[in-house]
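A look at the structure
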Amino acid sequence: MPAVPTRSLNNGVDIPLLGFGVFQIPPDEVVAPVATALEAGYRLIDTAAAYRNEEGVGRALADSGIPREELFVTTKLWNEDQGYDSTLRAFDDSLAKLGLETLDLYLIHWPSPHRGLYVETWKALERVYSEGRVRAIGVSNFTQAHLQRLFDETDVVPAANQVELHPELPQDELRAFHEEHGIVTQAWSPIGAGKGLLEHPVVTGLATRVGRTPAQVVLRWHVQRGTVVIPKSVTPERIRSNIEVFDFELSDADMAEVSGLASGRRIGPDPDTATF
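Figured I'd write up the structure that's included with this text. (Residues numbered from 1 in each chain as written. Predicted model: local features only at pLDDT ≥ 70, side-chain atom pairs only at ≥ 80, totals over all residues. Heavy atoms only, no water.)

Considering the overall build of the protein chain
Check the secondary structure of the protein chain and you find 10 helices and 10 strands. Here the C-alpha atoms of the protein chain give a radius of gyration of 18 Å, agreeing with the 19 Å that 2.2 N^0.38 yields for 276 residues. On the principal axes, the C-alpha backbone points of the protein chain span a range of 55 × 40 × 35 Å. For the protein chain, with 276 residues in total, the buried portion stands at 54%. At a minimum sequence separation of 6, the contacts of the protein chain that also span at least 24 residues come to 74%. (Helix = DSSP H or I, 4+ residues; strand = E, 2+ residues; numbered from the N terminus. Rg over C-alpha atoms; globule rule 2.2 N^0.38 Å. Buried < 20%, exposed > 50% of the residue type's maximum accessible area, 1.4 Å probe, protein only. Contact = heavy atoms within 4.5 Å.)

As structure tokens, this is what we get:
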């Protein structure tokens, strides 16, 4: 079982550098993949209220027999629940569905700037954090401008920002902003969500040269940059393979080759214009 390195969040809490995401895994099918991931050595499990599979994730965690202190559980507040009081209710609901007394990381899923509620929402996260009900709080899909407003109007700097990030969208400017302010960068869709990245000749060629899978090459590129990654799969072989990235390194030339794929292409919505 591989030992997954950690990064320290800005409050001293350690987060595994690689975890398991459950986006788009149906509620009635999520238990088995999470169980496989836990058996393979994953300890960071990332879900969200919007995925509607928190109960199944909680069941897999309980059935695993792994001590709670060895697990790192993240979930996210959905956009429709933004607002101070509704955020507090949604937090309680997620905890109940997961069957947990505390969370390790709670994120605002999207800024939803058209709602104008993310500052108020953040203040609710500050409250549950101050109460010790979550070990760290953060955001997802926030831009520099959204983060700056939190800095200006609230007290706690987000511990993490989970954003779309892969070789075609490396988010270098945002990552530099995060580093300046002590925010850990997390990547969703780190291997391109089946949109052709793993079939790119640069990736496949490099994978052949280093004797690894294309997914392992891309995940290794992430972790060497210090980015927390949460690849998702429902295939046991891929789940096991995706965590086997800590026993090899990419050279500087290899890293540059992968970074050369940057094109700015997004797979998901633009946080500034998304209206859901």
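A look at the pairing of strand E9 (residues 184–188)
Of all 5 residues that make up E9, 5 are buried, and the element is covered over most of its length. Both faces of E9 are covered, namely the face carrying Val-184, Gln-186 and Trp-188 and the face carrying Thr-185 and Ala-187. The sheet contact formed by strand E8 (residues 160–164) and E9 spans 5 bridges and is parallel. Bridging across to E9, Val-163 finds its partner in Ala-187. This β-α-β element, E8 to helix H6 (residues 172–181) to E9, shows right-handed connectivity. Here E9 runs beside strand E10 (residues 228–229); their pairing, made up of 2 bridges, is parallel. Note on E10: the bridge partner recorded for Ala-187 is Val-229. (Pairing = 2+ DSSP bridges. Right-handed = clockwise from strand over helix to strand, strands pointing away.)

Some remarks on the packing of helix H4 (residues 118–130) against helix H5 (residues 144–153)
Each packed pair of helices is defined by two parameters, the angle between the axes and the distance between the axes. Closest axis-to-axis distance for the H4/H5 pair is 10 Å, and the angle between their directions is 60°. The angle between H4 and H5 falls in the class oblique. In this structure, the crossing between H4 and H5 has a hand that is right-handed. In this structure, H4 contributes Tyr-118, Val-119, Trp-122 and Lys-123 to the contact, and H5 contributes Ala-145, His-146, Arg-149, Leu-150 and Glu-153. Broken down by class, the residue content of the contact of H4 with H5 amounts to 5 nonpolar, 1 polar and 3 charged. (Axes fitted to C-alpha atoms, helices over the stretch in contact; angles between N-to-C directions. Parallel < 35°, antiparallel > 145°, perpendicular 65-115°, else oblique. Left-handed = near helix turned anticlockwise from the far one by under 90°. Nonpolar A, V, L, I, M, F, W, Y, C, P; charged D, E, K, R; others polar.)

Concerning the nonpolar core
Core analysis: the biggest nonpolar cluster contains 83 residues, and Phe-20, Val-34 and Leu-103 have the highest contact counts within it. Once residues lying within four places of it in the same chain are set aside, the contact partners of Val-34 are Phe-20, Val-22, Ile-45, Val-57 and Ala-60. (Core = buried A, V, L, I, M, F, W, Y, C linked by side-chain atoms within 4.5 Å.)

Things to note about the pairing of strand E7 (residues 137–140)
Residues Ile-137 and Val-139 of E7 are buried on one face, and the alternating residues Gly-138 and Ser-140, pointing to the opposite face, are buried as well. In this structure, strand E6 (residues 105–108) lies alongside E7, joined through 3 bridges in parallel fashion. Residue pairing in the sheet places Tyr-106 in a bridge with Ile-137 of E7. After leaving E6, the chain enters H4 and then returns to the sheet as E7, a path that is right-handed. Inspection of the sheet shows E7 paired to E8 by 2 bridges, in the parallel sense. Each bridged residue has a counterpart across the sheet, and for Val-139 the counterpart in E8 is Asn-161. In the classification by handedness, the crossover that spans E7, the intervening H5 and the parallel E8 is right-handed.

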